[in-house]
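One-letter residues, chain by chain:
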Amino acid sequence: MYMQNIDETAEVPFATPPSYKLSPGDVLHIQLVTHSPEISMAFNNPTGIQYFSQGRDESSLYLNGYTVNPSGFVQLPFLGEAQVKGLTIDEARSVIQEKTNAMYKDASVIVKLASFKVTVVGEVRRPGVIRNFNDNLNVFEAIAAVGDISENGDRQKVLVVRPTNQGNKTYRLNLADRSVLSSEAFYLLPNDVVIVEPIGNKVFQMNLPYLNLTLSSISTIILLYNFITRL
């Protein structure tokens, strides 16, 4: 049902995982690791390690994380502001590491994106928002997370809507073809929306009541017209 034309003997090009650029509204998990427990405790949230690796509670991620403000900065305890808008996670870590080096000796900084979420809607079994706690997420993983495509979904018509600084960008994916592996949208980015469209006859069935109502209304109008003209 997926990638039906794939050839096991042939090499299939894979898409390169994209580097996400941070934008206002993103939430970062930032942790300072030092030889001094006092400094680490003063900088880090008490649940800094636990909430990210164990419970993964969304409210903890938001409350204990560092949100990129509309100007593109994160406000860090003792270190001040750090401009991270338009940077990758690795670049943001380097910027914060430089600020840390100026104040603390032998301190390491850990930066993770805590707000990697993707929305999957349409003809899937459990539409909803996926919280991703890995560096990358591909479209098959997203589809699997919502229980796969339903019997009314068209695997050849999957739309990915991606917000960018220039506006929304759309991609059409055919999950039944191996070309999906090399698509720019094979790896999803934070805030992407995946829409699985219905198969053709499902669209007709959905519109059938409206079609019947329209035909019934036309027939009624014709009957009334004939009745009036005979008077």
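Before going into details, it helps to say that this report is about the structure given with it. The shown structure was predicted, so the numbers you read here are calculated from the model rather than taken from an experiment.

Topic: the pairing of strand β4 (residues 80-83)
The pairing of strand β3 (residues 73-76) with β4 spans four bridges and is classified as antiparallel. Along β4, the bridge assignment pairs Q75 with E81. The antiparallel pairing of β3 with β4 creates a hairpin that spans three residues between the two strands, and F78 there sits at a positive phi of about 70°.

Some thoughts on the pairing of strand β6 (residues 117-122)
Note: β6 against strand β7 (residues 128-131), four bridges, orientation antiparallel. Pairing of V120 across the sheet is with G128, part of β7. The antiparallel hairpin formed by β6 and β7 contains five residues in its connecting segment. Two elements, β6 and strand β12 (residues 193-198), share four bridges in a ladder whose sense is parallel. Its bridge partner being in β12, T119 is matched across the sheet by V193.

Here's the deal with the environment of E81
Mapped onto the elements, E81 comes out in strand β4. You can call E81 partly exposed: its relative accessible area is 41%. When the C-alpha atoms of E81 and I96 are compared, they prove to be 9.2 Å apart, with 15 residues separating the residues in sequence. Aside from chain neighbours lying at most four places away, what touches E81 is N69, F73, V74, Q75 and K99.

Things to note about the sheet that holds strand β1 (residues 27-33)
With antiparallel pairing, three strands are arranged side by side in an open sheet as β2-β1-β5. What marks the edges here is a single partner per strand, and that holds for β2 (66-67) and β5 (108-113). As defined by bridge partners, β1 adjoins β2 across two bridges and the pair is classed as antiparallel. Bridge assignment links V27 to a residue of β2, and that residue is T67.

Here we look at unusual backbone geometry
One non-glycine residue, F78, lies in the positive phi region at around 70°. Checked against the element boundaries, F78 lands in the loop between β3 and β4. Positive phi, close to 80°, is recorded for D148, a residue that is not glycine. Here D148 shows up in the loop between α5 (139-145) and β9 (153-164).

A look at the sheet that holds β6
If you trace the five strands from one edge of the open sheet to the other, you get β7-β6-β12-β9-β10, paired in mixed fashion. Each having just a single partner strand, β7 and β10 (167-173) make up the two edges of the open sheet. Neighbour to neighbour, the strand axes of the sheet diverge by 20° on average, direction disregarded. Relative to β12, β9 runs antiparallel, the two sharing five bridges. The partner of V158 across the bridge, within β12, is V196.

Observations regarding the side chain of S183
Tracing the backbone through its elements, the reader meets S183 in the loop between β10 and β11 (187-188). Given the relative accessible area of 15%, S183 is considered buried. There is a polar contact of 3.1 Å between the side chain of S183 and the backbone nitrogen of A185. Once residues lying within four places of it in the same chain are set aside, the contact partners of S183 are A15 and L173.

Quick notes on the pattern of salt bridges
According to the stated counting rule, one finds five salt bridges in the structure shown. The salt bridge partner of K169 is E184, with a shortest N-O separation of 3.8 Å. Taken as a pair, K169 in strand β10 and E184 in the loop between β10 and β11 lie far apart in primary sequence, 15 residues in all.

Things to note about helix α4 (residues 89-101)
Relative to the 18 Å expected for 13 residues at 1.5 Å per residue, α4 spans 18 Å between its end C-alpha atoms, a close match to the ideal helical length. Along α4, the residues classified as buried are A92, I96, Q97 and T100. Along the axis of α4, the buried positions cluster into a sector of 140°, meaning they face one direction only. Turned more than 90 degrees from where α4 packs its buried face, D90 and E98 sit exposed. Contacts from the buried residues of α4 go to β1, β3, β4 and β5.

What counts and what doesn't
Residues numbered from 1 in each chain as written. Predicted model: local features only at pLDDT ≥ 70, side-chain atom pairs only at ≥ 80, totals over all residues. Heavy atoms only, no water. Pairing = 2+ DSSP bridges. Helix = DSSP H or I, 4+ residues; strand = E, 2+ residues; numbered from the N terminus. Buried < 20%, exposed > 50% of the residue type's maximum accessible area, 1.4 Å probe, protein only. Contact = heavy atoms within 4.5 Å. Axes fitted to C-alpha atoms, helices over the stretch in contact; angles between N-to-C directions. Polar contact = N/O pair within 3.5 Å; in protein donor to acceptor, adjacent residues only side chain to side chain. Salt bridge = Lys/Arg side-chain N within 4 Å of Asp/Glu carboxyl O. Expected span 1.5 Å × (residues − 1). Arc of directions from axis to C-beta.

Purely geometric stuff here, so don't read any function into it on its own.
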